[in-house]
Amino acid sequence: MLDDPNPFHAGERRAQARAGVGNVAAWAAGYIRPSMPDQHRAFFAELPFLVLAGADADGRHWVTLLDGPDGFVTSPDAKTLALDTEPSPQDPLADALTAGTNIGMLGIELATRRRNRLSGTFRATSTGYAIDVRQSFGNCPQYIHERNWRRAPVQKTQPAIRSSSLSEHQIARIHAADTLFLGTGLHGQGAEASDGFDASHRGGAPGFVQVLDPTHLRIPDYAGNNFFNTIGNLLENPAIGIVFVDFDTGGLLHISGRARVDWDPRDARDPNAQRMIDVTIEAVVDRLAALSLRWSRDDDGLRDLVVTRKVIEAEDITSF
């Protein structure tokens, strides 16, 4: 548990109050730690990719996936992850990661629907990169679509397609998507452990993200763990990063913009949406075959893998 009995910053507390969920810190503080428990360290070390959220030199927020060979993530101690990989120069966060930056990180295993989150600082080391942990906590498996992964031959890096709005092809990909990752944060505005970045997962039925026009998205906000990390960050800083993964090709569609929280989404067209995140797009970076990974919905194989990973300690999962 953190020394501060309330591990949430002012924006998160305002969001919790607005949603009427009570004193979340009273029951959640024990789940939010200043270091990683051993089971999280082992979990991160088994992953083929990590989701990172941060800001570039212009203050724009981005989310990216960073992959690497088997075992590219290690944990020398409970406050450190070491990474044996290199950000692509086409990555919109490449310069920030190389220079060192505050980041939010999500580790997610789609096949078993397990995920854990942390925030900290990304920095270069003599042997690669490292993440120094500030906050660490687990998440429940809700809204995660099960997928198994495999490696594909590494392809020659293609130039990223950059624009300030979505093309018809990119809009079609978003309409077909059932998964995205969000990045929000305060960009060093405060000194508390909770004042960093957050990387989070969103899932739904294909088409759950509405494309209103080439520069506007609507993302439903479903019932969650009541931490309100994303919504709380947006109340303090409307900058947002989004990435859609093409699971068939390894492509990444990065979007950066500004967001507004609609607390009373009467035209949401989604009865499960408790709020909507309205996004105004400012920049788009489309990276084809950015990852060496591919994913498939092999239901039989997934069931076998889930059985082998069935036992997960209850403290890893904050209930929705």
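(A) Expanded view of the sheet that holds strand β1 (residues 49-55). Judged by pairing direction, the sheet is antiparallel, and its seven strands sit side by side in the order β2-β1-β5-β6-β7-β4-β3 without closing on themselves. Two strands close off the open sheet at either side, each with one partner strand: β2 (61-67) and β3 (73-77). Averaged over neighbouring strand pairs, the angle between their axes works out to 35 degrees when direction is ignored. By the bridge criterion, four bridges tie strand β4 (residues 80-83) to strand β7 (residues 129-139) in an arrangement that is antiparallel. Of the residues in β7, the one forming a bridge with L81 is I131.

(B) Spotlight on the side chain of D286. By the secondary structure assignment, D286 is in strand β16 (residues 275-287). On the basis of relative accessible area, D286 is assigned to the buried category, the value being 2%. A polar contact is formed between the side chain of D286 and the side chain of R173, at a distance of 2.8 Å. For D286, the residues in contact, after removing those within four places along its chain, are A160, I161, Q170, R173, L252 and L253.

(C) Fine view of the packing of aromatic side chains. Per the stated rule, a full pass over the model turns up nine aromatic pairs. Ring geometry for F247 and W295: centres 5.3 Å apart, planes at 80 degrees, overall edge-to-face. On the criterion of sequence distance, the pair formed by F247 in the loop between β14 (239-246) and β15 (251-262) and W295 in strand β17 (residues 293-296) is long-range, its members being 48 residues apart. Each member of the pair F247 and W295 is classed as buried. Among the aromatic residues, those joined into a cluster by ring pairs are F8, W27, Y31, F137 and F227.

(D) Representation of the pattern of salt bridges. Taken as a whole and assessed by the stated rule, the structure comprises 14 salt bridges. Linking R14 and E236 is a salt bridge whose minimum nitrogen-to-oxygen distance equals 2.9 Å. Taken together, the positions of R14 in helix α1 (residues 10-19) and E236 in helix α6 (residues 229-236) put the pair 222 residues apart, joining distant regions of the chain.

(E) Up close: the nonpolar core. Counting residues in hydrophobic clusters, the biggest one holds 30 residues, and the most contacted among them are L166, I174, L217, I242, F244, I255 and I277. For this core, the secondary-structure elements that each account for two or more residues are α5 (168-176), β10 (179-185), β13 (216-221), α6, β14, β15 and β16. Examining the composition of this core, we find that five residues originate from one element, β16, more than from any other. F244 has contacts with I174, A177, T179, L180, V209, G251, L252, L253 and I255, leaving out every residue within four places of it along the chain. Counting 25 residues, the second largest nonpolar core, distinct from the first, contains L52, A96, M105 and F122.

(F) View of α5. Among the residues of α5, Q170, I171, R173 and I174 are the ones counted as buried. For α5, the angular spread of buried residues about the axis comes to 160 degrees, placing them on one side. Opposite the packed face of α5, turned more than 90 degrees from it, sit the exposed residues E168, H169 and A176.

(G) Structural detail: helix α3 (residues 38-45). Three or more residues of α3 are buried, namely Q39, H40, R41, F43 and F44. Tucked inside the fold, the buried residues of α3 contact β3, β4, β5 (101-109), β6 (114-124) and β7.

(H) Just the pairing of β13, in detail. By the criterion of burial, β13 is predominantly enclosed, with five of the six residues buried. Sheet analysis places strand β12 (residues 210-213) next to β13, joined by three bridges and oriented antiparallel. By the bridge assignment, Q210 is partnered in β13 with R218. From the end of β12 to the start of β13, which pair antiparallel, there are two residues. Sheet topology note: the β13/β16 ladder contains six bridges and is antiparallel. By the bridge assignment, H216 is partnered in β16 with T280.

Parameters and conventions
- Within each chain, residue numbers correspond to sequence positions counted from 1 in written order.
- Per-residue local features of the predicted model are confined to residues with pLDDT of at least 70, and side-chain atom pairs are confined, for both listing and counting, to 80 or more; whole-chain, interface and lining totals are unaffected and use all residues.
- Think of the side-chain values as coming from all heavy atoms in the structure, minus any hydrogens and water.
- Strand pairing is assigned whenever DSSP detects at least two bridges linking the two strands.
- Helical segments are the DSSP runs of H or I of at least four residues, strand segments are the runs of E of at least two, and each set is numbered from the N terminus.
- Every angle, taken between N-to-C directions, lies between 0 and 180 degrees, and every axis is a line fitted to C-alpha atoms, over only the stretch in contact when it is a helix.
- Here's how the labels work: a residue is buried when its accessible area is under 20% of the maximum for its type, exposed when over 50%, partly exposed in between, all with a 1.4 Å probe on protein chains only.
- For the purposes of these results, a polar contact is taken to be a pair of N or O atoms within 3.5 Å, where, inside protein, one atom must be able to donate a hydrogen and its partner to accept one; residues adjacent in sequence count only when each atom of the pair is a side-chain atom.
- Contact criterion: two residues are considered in contact whenever any of their non-hydrogen atoms come within 4.5 Å of each other.
- Ring pairs are drawn from Phe, Tyr and Trp, using the six-membered ring of Trp, whenever the two centres fall within 6.5 Å, and their geometry is named by plane angle: stacked under 30 degrees, edge-to-face over 60, tilted for the rest.
- Within this document, salt bridges are pairs made up of a side-chain nitrogen of Lys or Arg and a carboxyl oxygen of Asp or Glu, the two lying within 4 Å of each other.
- We define a nonpolar core as any set of buried Ala, Val, Leu, Ile, Met, Phe, Trp, Tyr and Cys residues linked to one another through side-chain atoms lying within 4.5 Å.
- What the arc describes is the spread of directions from the helix axis to the C-beta atoms.

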